[in-house]
Amino acid sequence: MNSNQVVLITGSSTGFGRLFALTLARKGHTVFATMRDPGGRNAKNSSEIRALAEKDSLPIYVLELDVTDDVSVERAVDATVAKAGRIDVAINNAGYALSGLAEAVTTEQAQRLMDTNFFGPVRINRVVLPHMRRQRSGVLMHISSGAGRIVGPSMGFYSASKFALEALAESYSYELASQGIESVIVQPGPYETPVIGNMVTAADEARTNTYGAVKQIPAKINAALSSMAGNAQEVADAVLRIIETPAGEKQLRYLVSPETFGVDQINALSKQVQANLLEGLGLAADIKFLKGKAVASV
Ligand SMILES: NC(=O)c1ccc[n+]([C@@H]2O[C@H](COP(=O)([O-])OP(=O)(O)OC[C@H]3O[C@@H](n4cnc5c(N)ncnc54)[C@H](OP(=O)(O)O)[C@@H]3O)[C@@H](O)[C@H]2O)c1
């Protein structure tokens, strides 16, 4: 892989996505900072990013991409490959949180969440993989969450979307390693971004109101998470380090968090259990990934 990589990022209008774009471009990586509606609802965000790119001569291109829209995903990936000739890293970052008691989340809210947080990466990966396969290199990066491993009350659907993402990303890591393509998971803990302000709340208030004191839990959790939130640049710096880690030496999971809550222990145990599973299924020899250097650091 070239030292200067071509990186497509979803959800670059604000928060982590925007920081990833600026941090990677400042190190010379060519960044396609994608977002919904850069000429409309994100006009201010897109022009701020373009202005910074121009001021500091950063290789950042802003493109429209809505992860819930197949045509939009294809158009953005095609434009990236047409401009840069390749795509080295796809960062599946677009996502949002849904907070509230599970019974009060409508089916439509749950479907919309999965369409962004889970099917968004499904769409991106399916469109970028043929390009990566041609190159015989590439990185699928998945911005999960500590909540992709642990569950709190009022976080059930958000956790479900990130658990689903983790399962898919892990499966990809086994299936793609022999073709030189890596799948990695980043698990941020709480960090200061607009995520809490952009959080969707459970719509069925009548159901929520039947829960007595329990209905205060979502607000308590959001306040606790906000109070422990770290500086989001830590996550951007971690993403830069991961991308610059040589092919074959990346871990499957990276926990980046001001507070681990023991997620690191779950990751360590899961690594062992997964190795046992693959061994038990007689697959260890089939999956190059398991025999290579990478297995030591999964
Ligand atoms: N901050 C944290 O504490 C934290 C912790 C763990 C994980 N995360 C994860 O980090 C990722 C980024 O979140 P953030 O904290 O940076 O919050 P954020 O500032 O709210 O960023 C979310 C981004 O996702 C975009 N997005 C939402 N739906 C989209 C769609 N259909 N298509 C394309 N883009 C879409 C938003 O774009 P618009 O401007 O168009 O809405 C925005 O750019 C999310 O996956 C989140 O779950 C955050």
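Predicted, not measured: the structure shown is a model, and the values here were computed from it. (Residues numbered from 1 in each chain as written. Predicted model: local features only at pLDDT ≥ 70, side-chain atom pairs only at ≥ 80, totals over all residues. Heavy atoms only, no water.)

## Points about the site of the ligand
In step 1: Around the ligand, a shell composed of 29 residues is seen, among which S13, T14, Y158, T193 and N198 lie nearest.
In step 2: Here an oxygen atom of the ligand sits 2.8 Å away from a polar atom, N or O, in the side chain of R36.
In step 3: Residue N198 places a side-chain N or O atom 2.7 Å away from an oxygen atom belonging to the ligand.
In step 4: A total of 880 Å² of accessible area belongs to the ligand in isolation, and the protein chains cover 94% of it.
In step 5: Breaking the shell around the ligand down by element, the ones donating at least two residues are α1 (15-26) and α6 (156-176).
In step 6: Considering only residue class, the shell around the ligand consists of eleven nonpolar, 14 polar and four charged. (Near = heavy atom within 4 Å. Polar contact = N/O pair within 3.5 Å; in protein donor to acceptor, adjacent residues only side chain to side chain. Areas by Shrake-Rupley, 256 points an atom, 1.4 Å probe, with all protein chains shown as cover. Helix = DSSP H or I, 4+ residues; strand = E, 2+ residues; numbered from the N terminus. Nonpolar A, V, L, I, M, F, W, Y, C, P; charged D, E, K, R; others polar.)

## Regarding the sheet that holds strand β3 (residues 60-64)
In step 1: Taken together, seven strands build an open sheet; the order of strands is β3-β2-β1-β4-β6-β7-β9 and the sheet is parallel. Two strands bound the open sheet, and with one partner strand each, they are β3 and β9 (253-256). The sheet shows a mean angle of 20° between the axes of neighbouring strands, direction not considered.
In step 2: Where strand β6 (residues 138-143) meets strand β7 (residues 181-188), six bridges bridge the pair, whose relative direction is parallel. Paired with I143 across the bridge in β7 is V186.
In step 3: Across the sheet, α1 touches β1 (6-9), β2 (30-35), β3, β4 (89-92), β6 and β7, and the angle it forms with β1 is around 170°.
In step 4: Along the sheet face, α6 touches β6, β7 and β9 and points at about 155° away from the line of β7. (Pairing = 2+ DSSP bridges. Axes fitted to C-alpha atoms, helices over the stretch in contact; angles between N-to-C directions. Contact = heavy atoms within 4.5 Å.)

## Re the nonpolar core
In step 1: Counting 34 residues, the largest nonpolar core has I9, F20, L24, V31, I60, I91 and M141 as its most contacted members.
In step 2: Here this core gets seven residues from one element, more than from any other, and that element is helix α9 (residues 233-244).
In step 3: The residues touching I60, leaving out its near neighbours within four places in the chain, are A21, L22, A25, V31, A33, I49 and A53.
In step 4: Membership of the second largest hydrophobic core comes to 22 residues, among which are L63, V127, V128 and Y172. (Core = buried A, V, L, I, M, F, W, Y, C linked by side-chain atoms within 4.5 Å. Buried < 20%, exposed > 50% of the residue type's maximum accessible area, 1.4 Å probe, protein only.)

## Some words on the environment of L129
In step 1: Note on placement: L129 falls in helix α5 (residues 119-135).
In step 2: When the C-alpha positions of L129 and V139 are compared, they lie 9.4 Å apart, and in sequence the two are ten residues distant.
In step 3: Apart from residues lying up to four places away in sequence, L129 is in contact with L140, Y172, L176 and I181.

## Regarding the environment of S159
In step 1: Of note, S159 is situated in helix α6.
In step 2: For the pair S159 and V7, spaced 152 residues apart in sequence, the C-alpha to C-alpha distance is 27 Å.
In step 3: In contact with S159, other than residues within four places in its own chain, are A147, I150 and V151.

## With respect to α9
In step 1: Over its twelve residues, α9 runs 16 Å from end to end, which matches the ideal 16 Å to within 8%, given 1.5 Å per residue.
In step 2: Buried positions along α9 lie against α1, β4, β6, β7 and β9. (Expected span 1.5 Å × (residues − 1).)

## Describing the pattern of salt bridges
In step 1: Applying the stated criterion to the full structure yields 14 salt bridges.
In step 2: Here E166 ties to R253 by a salt bridge, and the two come within 2.7 Å at their closest N and O atoms. Placement of E166 in helix α6 and of R253 in strand β9 is noted, with a sequence separation of 87 residues between them.
In step 3: Residue E166 is classed as buried on the basis of its relative accessible area of 2%.
In step 4: Ionic contacts of the salt-bridge type, sharing partners, join the residues R149, E166, E170 and R253 into one network. (Salt bridge = Lys/Arg side-chain N within 4 Å of Asp/Glu carboxyl O.)

## Quick notes on the pairing of β6
In step 1: The buried fraction of β6 amounts to six of the six residues, a majority that puts the element mostly inside the structure.
In step 2: One ladder, built from four bridges, connects β4 with β6; its direction is parallel. Directly across from N92, in β6, lies its bridge partner H142.
In step 3: Regarding topology, α6 serves as the crossover connection from β6 to the parallel β7, and that connection is right-handed. (Right-handed = clockwise from strand over helix to strand, strands pointing away.)

## Observations regarding the packing of α5 against α6
In step 1: Running from amino to carboxyl end, α5 crosses α6 at an angle of 15°, the nearest separation of the two axes being 12 Å. Here α6 runs roughly parallel to α5, going by the angle between their axes. α6 is crossed by α5, and the crossing has right-handed handedness. Each of P121, V122, N125, R126, L129 and R133 in α5 lies in contact with α6, whose residues at this interface are L165, L168, Y172 and L176.
In step 2: Here the residues of the contact of α5 with α6 sort into seven nonpolar, one polar and two charged. (Parallel < 35°, antiparallel > 145°, perpendicular 65-115°, else oblique. Left-handed = near helix turned anticlockwise from the far one by under 90°.)

By themselves, these are just geometric observations and shouldn't be taken as functional.
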